[in-house]
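Remarks on the overall topology
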Amino acid sequence: MSGVNSAVCQLGAEEERILASFTQSLIEIAAVACARGTGTSATDVLNAMRLPAISIDRRGFTVDVNAAADAVFDDDVKIKDKRLYVRDLEARALLRASLDELTNPVKSKSLIAEPIIIQRRHKFPVILRIWPCEGPTHSSEQEVHALVTLNALGPKPGPPAAILAKTFRLTASEAQLACVIARGAPLQIAARELEIPWETARNRLKSVFAKTYTHRQSELVALLLQVE
């Protein structure tokens, strides 16, 4: 698995810059929403965007964890004793050092540009980023000093079948197949997962192609992933 992990993590400098810029924009949106006193935390706002996020205080203790982050947790990445714990020793050391730098205003600004890659034993890595808050934000009477985002690499859940059915006027069975296909699963795997014959799956896929005006599975997946 380590060979696959290394290949996945070799992002180009431009891709890293775009990813960091995009995520920072989401963080700023969440911070603004929280600052308006709506009673909604920044992690809740990010959860609506399907972005796993954890808020921490100045000492590195967890203040809030959204549902998207909770779905990422396993034995390799989890909350332990109110702190974010990672099994990967190298990543753990980097995380500890980064959290220590949060108390230094000058050094904390450089944390965003230095993602921490958490290697997992039986899964793809998690890319962790720390986003220092510009100003104090309060949640549950605790000051949020930074937000931590987690990008778990690997297959993502497909769009809800009900939304796909309504968007493209698919039947319930076609929408179920499209939902599995959207995760990047081959047709054979989709047929096995849905417990239907391969020939039936192929016919349903043809119907999905026709209703979505697509011709190849890669083209279909690109379209389906645009559905929120």
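Residues numbered from 1 in each chain as written. Predicted model: local features only at pLDDT ≥ 70, side-chain atom pairs only at ≥ 80, totals over all residues. Heavy atoms only, no water.

**Quick notes on the pairing of strand S3 (residues 77-80)**
Alignment of S3 against strand S4 (residues 83-86), held across four bridges, turns out to be antiparallel. Residue Ile79 lies in a different strand from S4, and its bridge partner there is Leu84. Between S3 and S4, which pair antiparallel in sequence order, lie two residues; one of them, Asp81, sits at a positive phi of approximately 55 degrees. (Pairing = 2+ DSSP bridges. Helix = DSSP H or I, 4+ residues; strand = E, 2+ residues; numbered from the N terminus.)

**Some words on helix H9 (residues 187-194)**
Among the residues of H9, those classed as buried are Leu187, Ala190 and Ala191. Seen from one end, H9 has its buried residues packed into an arc of 100 degrees, which puts them on one side. Its buried side turned inward, H9 meets helix H8 (172-181), helix H10 (198-212) and helix H11 (217-224). At the exit of H9 stands Glu195, carrying a positive phi of roughly 60 degrees. (Buried < 20%, exposed > 50% of the residue type's maximum accessible area, 1.4 Å probe, protein only. Arc of directions from axis to C-beta. Contact = heavy atoms within 4.5 Å.)

**Focus on empty space enclosed by the protein**
Applying the stated criterion across every chain yields a total of one cavity of 30 Å³ or more. Within this model, the largest cavity holds a volume of roughly 30 Å³. (1 Å grid on protein atoms, 1.4 Å probe; cavity = no way out; pocket = protein on both sides within 12 Å on 5 of 7 lines; lining within 4 Å. Points joined across faces, edges and corners; volume = space filled by probe spheres on them.)

**As for the packing of H9 against H10**
Contact pair H9 / H10: the axes reach a minimum separation of 9 Å and the direction vectors enclose 115 degrees. Classed by the angle they form, the pair H9 and H10 counts as roughly perpendicular. In the packing of H9 onto H10, the handedness of the crossing is right-handed. For the pair H9 and H10, the contacting residues are Leu187, Gln188 and Ala191 in the first and Trp198, Ala201, Arg202 and Leu205 in the second. (Axes fitted to C-alpha atoms, helices over the stretch in contact; angles between N-to-C directions. Parallel < 35°, antiparallel > 145°, perpendicular 65-115°, else oblique. Left-handed = near helix turned anticlockwise from the far one by under 90°.)

**Concerning the packing of H10 against H11**
Look at H10 against H11: their axes get within 11 Å of each other, and the N-to-C directions meet at 60 degrees. One finds that H10 runs oblique with respect to H11. Crossing of H10 against H11: the hand is left-handed. Each of Leu205, Val208, Phe209 and Thr212 in H10 lies in contact with H11, whose residues at this interface are Gln217, Leu220 and Leu223. For the contact of H10 with H11, the class distribution of residues is five nonpolar, two polar and no charged. (Nonpolar A, V, L, I, M, F, W, Y, C, P; charged D, E, K, R; others polar.)

**What about the nonpolar core?**
Among the nonpolar cores identified, the biggest contains 24 residues, and Leu164, Leu170, Ile181, Leu220 and Leu224 are the most heavily contacted of them. Looking at this core, the elements with two or more residues in it are helix H7 (161-168), H8, H9, H10 and H11. Not counting chain neighbours up to four residues away, the residues in contact with Leu220 comprise Ile181, Leu205, Val208, Phe209, Thr212 and Thr214. Grouped together as the second largest cluster of nonpolar side chains are 21 residues, Phe73, Ala91, Leu102 and Ala146 included. (Core = buried A, V, L, I, M, F, W, Y, C linked by side-chain atoms within 4.5 Å.)

**Observations concerning the packing of aromatic side chains**
Throughout the structure, instances matching the rule amount to zero aromatic pairs. Over the ring of Phe61 we find Arg83; its NZ or CZ atom is 4.0 Å from the centre of that ring. (Phe/Tyr/Trp six-rings, centres within 6.5 Å; stacked < 30°, edge-to-face > 60°. Lys NZ or Arg CZ within 6 Å of the ring centre and 35° of its normal.)

**Some words on the pairing of strand S1 (residues 53-56)**
Going residue by residue along S1, you find Ala53 and Ser55 tucked away on one face and Ile54 and Ile56 tucked away on the opposite face as well. Bridging between S1 and strand S2 (residues 62-65) involves three bridges; their strand directions are antiparallel. Residue pairing in the sheet places Ile56 in a bridge with Thr62 of S2.

**Side note on unusual backbone geometry**
Residue Asp81 is not a glycine yet carries a positive backbone phi of 55 degrees. Within the secondary structure, Asp81 sits in the loop between S3 and S4. We note that Glu195 has phi near 60 degrees; this positive angle belongs to a residue other than glycine. If you trace the backbone, Glu195 turns up in the loop between H9 and H10. We classify Glu195 as exposed; its relative accessible area is 74%.

**Some details on the confidence of the model for the protein chain**
Summing up the model confidence of the protein chain, the mean pLDDT is 81 and the portion of residues at 70 or higher is 75%. Note on residues 1-11: pLDDT is under 50 here. Beyond four places in sequence and across chains, it has 17 contacts. (pLDDT = per-residue confidence, 0-100.)

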